[in-house]
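So the chains spell out like this:
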Amino acid sequence: QVQLVESGGMSVQPGESLRLSCATSGFSFSFYYMSWYRQAPGKERELVARISPSSGSTEYLDSVKGRFSISRDNGKKVVYLQMNSLKFEDTAVYLCNARLESREHWGRGTQVTVAS
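Residues numbered from 1 in each chain as written. Predicted model: local features only at pLDDT ≥ 70, side-chain atom pairs only at ≥ 80, totals over all residues. Heavy atoms only, no water.

Asker: For this particular structure, what's the right way to read the overall build of the chain?
Answerer: When its secondary structure is counted, the chain shows zero helices and eleven strands. Reading the chain from its N end, one meets helices and strands in the order β-β-β-β-β-β-β-β-β-β-β. Compactness check: the chain gives a C-alpha radius of gyration of 13 Å against a globular reference of 13 Å for 116 residues, within 12% of the reference. Each principal axis of the C-alpha atoms in the chain carries an extent, and together these give about 40 × 25 × 25 Å. Counting over 116 residues, the chain shows a buried share of 40%. Total accessible area on the chain is roughly 6,200 Å²; 46% of this is exposed by carbon and sulfur atoms. Once the 14 positive and 11 negative side-chain charges of the chain are each reduced to a mean point, those two points are 4 Å apart. (Helix = DSSP H or I, 4+ residues; strand = E, 2+ residues; numbered from the N terminus. Rg over C-alpha atoms; globule rule 2.2 N^0.38 Å. Buried < 20%, exposed > 50% of the residue type's maximum accessible area, 1.4 Å probe, protein only. Areas by Shrake-Rupley, 256 points an atom, 1.4 Å probe, with all protein chains shown as cover. Lys, Arg positive; Asp, Glu negative; His and termini not counted. Charge placed at Lys NZ, Arg CZ, Asp CG, Glu CD.)

Asker: I keep staring at the nonpolar core and nothing clicks. Help me out?
Answerer: Note on soluble globular proteins: their nonpolar side chains tend to be buried together. Met34, Trp36, Val79, Leu81, Met83 and Tyr94 are the most contacted members of the largest nonpolar core, which has 27 residues in total. Put simply, the parts of the chain that give this core at least two residues each are strand S3 (18–25), strand S4 (33–39), strand S5 (46–51), strand S7 (68–73), strand S8 (78–83), strand S9 (92–100) and strand S11 (110–114). For this core, the element with the highest residue contribution is S9, accounting for four residues. Once residues lying within four places of it in the same chain are set aside, the contact partners of Met83 are Glu16, Ser17, Leu18, Leu20, Arg67, Phe68, Tyr94 and Val112. (Core = buried A, V, L, I, M, F, W, Y, C linked by side-chain atoms within 4.5 Å. Contact = heavy atoms within 4.5 Å.)

Asker: Please explain the pattern of salt bridges as it appears in this structure.
Answerer: Between side chains of opposite charge, pairing is possible as soon as their charged atoms come close. Enumeration over the complete set of coordinates arrives at five salt bridges. Of the charged contacts in the structure, one is a salt bridge between Lys65 and Asp62, with a shortest N-O distance of 3.0 Å. One salt bridge in this structure joins Asp90 and Arg67, with 2.8 Å as the shortest N-O distance. Of this pair, Asp90 sits in the loop between S8 and S9 while Arg67 sits in the loop between strand S6 (58–60) and S7, and the two are 23 residues apart along the sequence. Given a relative accessible area of 10%, Arg67 falls into the buried group. One network of salt bridges, in which partners are shared, links Arg38, Glu46, Arg67 and Asp90. (Salt bridge = Lys/Arg side-chain N within 4 Å of Asp/Glu carboxyl O.)

Asker: Honestly, the packing of aromatic side chains in this entry has me stumped. Any pointers?
Answerer: Describing an aromatic ring pair means giving the distance of the ring centres and the angle of the ring planes. For the coordinates displayed, the defined rule picks out three aromatic pairs. Centroid distance Phe27 to Phe29: 6.4 Å. Interplanar angle 50°. Geometry classified as tilted. Both residues of the pair, Phe27 and Phe29, belong to the buried class. Centre to centre, the rings of Phe27 and Tyr32 are 4.8 Å apart; their planes meet at 65°, and the pair counts as edge-to-face. (Phe/Tyr/Trp six-rings, centres within 6.5 Å; stacked < 30°, edge-to-face > 60°.)

Asker: Honestly, the sheet that holds S3 in this entry has me stumped. Any pointers?
Answerer: Strand pairing in a sheet relies on backbone hydrogen bonds, with the paired strands running either antiparallel or parallel. Taking strand neighbours across the sheet as the criterion, the four strands line up as S1-S3-S8-S7 in an open arrangement whose pairing is antiparallel. Looking at strand neighbours, the two that pair on one side only are strand S1 (3–7) and S7, the edges of this open sheet. Across the sheet, the mean angle separating the axes of adjacent strands is 15° when strand polarity is ignored. Two strands pair when backbone bridges link them, and S1 and S3 are joined in this way by five bridges, in the antiparallel orientation. The residue bridging Val5 from the neighbouring strand is Ala23, located in S3. (Pairing = 2+ DSSP bridges. Axes fitted to C-alpha atoms, helices over the stretch in contact; angles between N-to-C directions.)

Asker: Is there a simple way to think about the pairing of strand S10 (residues 103–106) in this case?
Answerer: In the case of a regular strand, side chains alternate between the two sheet surfaces. Of the pairings in the sheet, the one linking S9 to S10 comprises four bridges and is antiparallel in character. For Arg99, the partnering residue across the bridge sits in S10 and is Glu104. Hairpin remark: S9 followed by S10, antiparallel, with two residues in the connecting loop; positive phi at Glu101, about 55°.

What follows is the structure, encoded as structure tokens:
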């Protein structure tokens, strides 16, 4: 059974940091592109960061470049999102995604709220 379970979301103040984790099981993690998406109320889901199977390449949403960092541990089958200098506009549900060609899996998400 495929599982992606996000954790680490919470309410923080602007400028603070959070580290999200996505623990996975039930699929060949090391072959999959892993991504973090986010969805804010009333907005479309957007790709925040993506990492290749070997961690050789990453891509980021322009608005998070220099603040967020995606990484993965293929041995532990976990993907992380380090989020620094958080802003109000980063408030959203953050979802973990695994993709390999036509196969795609999603987690249920973890809430990140940035508020003063």
